[in-house]
Amino acid sequence: MSTQASMSKVTTAIIRTMKKKGEKIAMLTAYDYPTALIVDEAGVDIILVGDSLGMVVLGYDSTLPVTMDEMIHHTKAVSRAVKRAMVIGDMPFMSYQVSEEDALYNAARFLQEAGAQGVKLEGGREVAEITRRITSAGIPVMGHLGLTPQSVHQFGGYKVQGKEDASAKKIMEDAKILEEAGVFSLVLECVPATLAKDVSESLVIPTIGIGGGVHCDGQVLVLHDMLGMFEKFIPKFVKTYAKLNVQMKESVQQYIDEVKRSVFPEKKHSF
Ligand code: KIV
């Protein structure tokens, strides 16, 4: 039976085995109870409560303003819905950079308060020690390299990373450092497909691409992007599988029209 068909809870061991078997990992974001229910029932392997929450749900211009309390609030809602997928909480900006104690405390909140099974944090060698500390406390950590949106101001925009030899070499080195530090999987965002392929082949742990090409061991997209619910900015790597914003707007317009014309409610909606 494929992992997707099985109803047992997805674990880090299952994620590692999927790479060994050549079975692709499907990951999506979710931020609330009803969408997490749908995404989990559809059979996704990992649900990331991403700090993209800030942009696609809370209306911020970047992920930087997102707080730990906001992440915990949304992760709790997702965890209440999910039966099968592994739920990963995304550690927001400054929740792991200030001190190791802070990082450990905040990572633990995702498991203890919010019901997640692991955390994700952005960065390479600079977060290796923190990663070691968190994993040695029994908390699975997912790494994130390439375009790490919390560093948008350092990058000077949302740009493809690892195009030059030196930056590609650094991403490869960082990937190996993170693997050695104990991450169970690694997101590769907006890097050339050839680099993502090389990194994926060099690691035992699975890579999960977003704008990293087809050779990653899995893929992730932001749910609101792939469902066509967030059109402020559509990155090249997004495939839009639905146009829910259109459907939602048309439904609301129809409702307004029917209320104005006294077409709704009908007898069957009345007591
Ligand atoms: O915040 C997020 O949704 C992410 C994914 C894009 C990987 O970090």
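Counting restarts for each chain: residues are numbered from 1 in the order of the written sequence. The model is predicted, so local features are restricted to residues of pLDDT at least 70 and side-chain atom pairs to those at 80 or more, both for listing and for counting; the totals for chains, interfaces and linings are taken over all residues. Calculation of side-chain values draws on the structure's entire complement of heavy atoms; hydrogens and water are dropped beforehand.

So, the domain arrangement of the chain
By domain assignment, the chain separates into domain 1 (12–240) and domain 2 (243–271). Taking only C-alpha atoms into account, the centre of domain 1 sits 38 Å from that of domain 2. Residue contacts are counted whenever heavy atoms from the two residues lie within 4.5 Å of one another. Every contact between the two is made by four residues of domain 1 and, on the other side, four residues of domain 2. Note on definitions: buried area is the accessible-area loss of two parts on being combined, 1.4 Å probe, summed for both. Interface of domain 1 and domain 2: buried area, both sides summed, is about 390 Å²; carbon and sulfur atoms make up 53% of it. Per-residue buried area on domain 1 facing domain 2 is highest for Leu227, Met229 and Glu231; these three make up 72% of the total on that side. Each salt bridge in this description consists of a side-chain nitrogen of Lys or Arg and a carboxyl oxygen of Asp or Glu lying within 4 Å of one another. Inspection of the region where domain 1 meets domain 2 yields zero salt bridges. Of the residues assigned to the side of domain 1 that touches domain 2, the class counts are two nonpolar, one polar and one charged. In this entry, domain limits derive from an automatic or database-based domain assignment. Classification used: nonpolar for Ala, Val, Leu, Ile, Met, Phe, Trp, Tyr, Cys and Pro, charged for Asp, Glu, Lys and Arg, polar for all others including Gly.

A closer look at the site of the ligand
Neighbouring residues of the ligand: Thr29, Leu48, Gly50, Asp51, Ser52, Asp90, Lys120, His144, Val187, Ile210 and Val222. Take Asp51: an N or O atom from its side chain is 3.0 Å from an oxygen atom of the ligand. Accessible surface area values rest on a Shrake-Rupley calculation with a 1.4 Å probe, where residue burial reflects the displayed protein chains alone. Calculation on the ligand without its partners gives an accessible area of 260 Å², and the protein chains cover 96% of this total. Considering only residue class, the shell around the ligand consists of four nonpolar, four polar and three charged. Residues are labelled near a given molecule or strand when at least one of their non-hydrogen atoms is within 4 Å of it. Here a polar contact is taken to be a pair of N or O atoms separated by no more than 3.5 Å, where protein atoms must pair a possible hydrogen donor with a possible acceptor and residues adjacent in sequence count only if both atoms sit in side chains.

Digging into helix α2 (residues 33–42)
For the exposure calls, accessible area comes from a 1.4 Å probe over protein chains only, and a residue counts as buried if that area is under 20% of its type's maximum, exposed if over 50%, partly exposed in between. Working definition: helices are DSSP H or I runs of at least four residues, strands are E runs of at least two. Numbering for both runs from the N terminus. Taken together, the buried positions of α2 are occupied by Thr35, Ala36, Val39 and Asp40. Here the buried residues of α2 occupy an arc of 130 degrees about the axis, which is enough to place them on one side. Among the exposed residues of α2, those pointing more than 90 degrees away from its buried face are Ile38, Glu41 and Ala42. On its buried face, α2 is in contact with β1 (25–29), β2 (46–49), α4 (68–81) and α10 (223–226). Throughout, the arc means that of the directions going from the helix axis to the C-beta atoms.

Some details on the packing of α4 against helix α5 (residues 100–112)
Each axis is a line fitted through C-alpha atoms, taken for helices only over the stretch in contact, and angles between the N-to-C directions span 0 to 180 degrees. It is the contact of α4 with α5, at a shortest axis distance of 9 Å, that shows an interaxial angle of 20 degrees. As judged from the angle between their axes, α4 and α5 are roughly parallel. Helix-helix and strand crossings are classified by hand; for α4 and α5 the assignment is right-handed. For the pair α4 and α5, contact is made by Met68, Asp69, Met71, Ile72 and Thr75 and by Asn106, Arg109 and Phe110, respectively. Its residues assigned to classes, the contact of α4 with α5 comprises four nonpolar, two polar and two charged. Comment on the angle field: the value is read as roughly parallel under 35 degrees, roughly antiparallel over 145, roughly perpendicular from 65 to 115, and oblique elsewhere. For any pair of crossing helices, the crossing counts as left-handed if the nearer helix is rotated counterclockwise from the farther one by less than a right angle, and right-handed if it is rotated clockwise.

What to know about the nonpolar core
We call a set of buried Ala, Val, Leu, Ile, Met, Phe, Trp, Tyr and Cys residues a nonpolar core when their side-chain atoms join them within 4.5 Å. Among the nonpolar cores identified, the biggest contains 55 residues, and Ile134 and Leu186 are the most heavily contacted of them. Once residues lying within four places of it in the same chain are set aside, the contact partners of Ile134 are Met91, Ala103, Leu104, Ala107, Val119, Leu121, Ile139 and Val141. If you look at the next biggest cluster of nonpolar residues, it comprises 15 residues, including Ile15, Met27, Ile88 and Val220.

Some remarks on the pairing of strand β3 (residues 86–90)
The side chains of a regular strand alternate between both faces of the sheet. Extensive coverage of β3 is indicated by the burial of five of its five residues. A pair of strands counts as paired when DSSP detects no fewer than two bridges linking them. Both β2 and β3 contribute to a ladder of four bridges, which runs parallel. Pairing of Ile46 across the sheet is with Met86, part of β3. Alignment of β3 against strand β4 (residues 118–120), held across three bridges, turns out to be parallel.

Section: the pairing of β1
Along β1, four of the five residues are buried, which leaves the element largely enclosed by surrounding structure. Summarising the sheet, β1 and strand β8 (residues 218–221) pair through four bridges and their orientation is parallel. Its bridge partner lying in β8, Ala26 is registered against Gln219. For β1 and β2, the ladder comprises three bridges, and the chain directions are parallel. Across the sheet, Met27 pairs through a bridge with Ile46, a residue of β2. The crossover handedness rule: strands pointing away from the viewer, path from first strand over the helix to second strand clockwise, crossover right-handed. With respect to chirality, the unit in which β1 leads through α2 into the neighbouring parallel β2 is right-handed.

A short note on the side chain of Gln161
Turning to its location among the elements, Gln161 is positioned in the loop between α7 (152–155) and α8 (165–181). Of note is the side chain of Gln161, whose polar atom sits 2.9 Å from the backbone oxygen of Lys159.

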